[in-house]
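Architecture and fold: a report
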Amino acid sequence: MSEQRPTPRTPRRGSGAAPLWEQAADLIREDIARDGLGAGDRLPSERDLCVRFDISRVTLRKALLHLVDQGLLTATHGRGWFVAAPAPAREWPNDLESFSATARRKQMTARSLVLAQERVLATLDDADRLDVPAGTALLRLDRVRLLNDVRIAVDRTLVVDALAPGLTEVDFTSASLFAELDARGVTLDRSETAIEARAADRALARELEIEPGAPVLRLDQTIYARDHRPALLSTVDYSGERYRLRTTFPSR
């Protein structure tokens, strides 16, 4: 008797169907559970997955990066996609954590409203902080960050374009910048952060849907890659009424 092979599963196209990348992510998640893959196990190649699901590599990448953002997968540049180790339970982060990862940890839904996503040239100040020549191409990414559809912060980021080409094409309404950088071989390692309280001006108040003059907490960050190079600058204004920063200072 010949061996009966399972019918290949493909995302459903047509009216009413979920986006192809979302369906592909669900199928990959099901494959991992069905095949009993554990932490460190490698997924099939992108080419094999594209053929199996009958989707483009762009659609597949969006599905894989979504699963990275969900904490299920991890990307190793040049080697492929692997099942991630479960994250240890913790209430508050003590390391560099993306907004999307914070939302997952708090069991909330993160999304963004993209205000600007374009290439710009580094000013003298930007160039000095990023250790690049003035006029270097940067990605400017400005977003309103939401948790469970509540406006929490406005994040204005500058990324050295040459470190991670292609970011201007990414849909950052749902994608994580940290995950996109990691998939391109840029692992963020640490940040230098200045924190100050201030009052929201009219433009910021409009973006956060708060009253002008309401308190905001500003985090001004230079974030470094593992090779010690500055990778990005980020200025994040959090609504003082909707965000609380808690940390621990060890005794000496």
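Parameters at a glance
- Residues numbered from 1 in each chain as written.
- Predicted model: local features only at pLDDT ≥ 70, side-chain atom pairs only at ≥ 80, totals over all residues.
- Heavy atoms only, no water.
- Helix = DSSP H or I, 4+ residues; strand = E, 2+ residues; numbered from the N terminus.
- Buried < 20%, exposed > 50% of the residue type's maximum accessible area, 1.4 Å probe, protein only.
- Core = buried A, V, L, I, M, F, W, Y, C linked by side-chain atoms within 4.5 Å.
- Contact = heavy atoms within 4.5 Å.

A negative phi angle characterises most non-glycine residues, just as the trans form characterises most peptide bonds. Phi is positive for Asp54, which is not a glycine, with a value near 55°. You can see Asp54 is positioned in the loop between helix H2 (46-53) and helix H3 (57-69). Unusually for a residue other than glycine, Glu209 sits at a positive phi of about 60°. With respect to the secondary-structure elements, Glu209 resides in the loop between helix H7 (202-208) and strand E7 (215-225). Judged by its relative accessible area of 53%, Glu209 is exposed.

Attention now moves to the nonpolar core. Leu167, Leu177 and Leu181 are the most contacted members of the largest nonpolar core, which totals 25 residues. Secondary structure elements with two or more residues in this core: helix H5 (124-130), strand E4 (137-147), strand E5 (150-160), helix H6 (177-183), E7 and strand E8 (230-239). When sequence neighbours within four positions are dropped, the list of residues in contact with Leu181 reads Val159, Ala164, Leu167, Val186, Leu188 and Leu232. Counting residues in hydrophobic clusters, the runner-up holds 23 residues, among them Ala25, Ala63, Leu65 and Trp81.

So, about the environment of Arg229. Position of Arg229 relative to the elements: it lies in the loop between E7 and E8. Arg229 sits in the partly exposed class, given a relative accessible area of 45%. Remark: the alpha-carbon pair of Arg229 and Asp189, spanning 40 residues in sequence, is separated by 9.8 Å. Apart from residues no more than four positions distant in its own chain, Arg229 is found in contact with Leu163, Ile223 and Tyr224.

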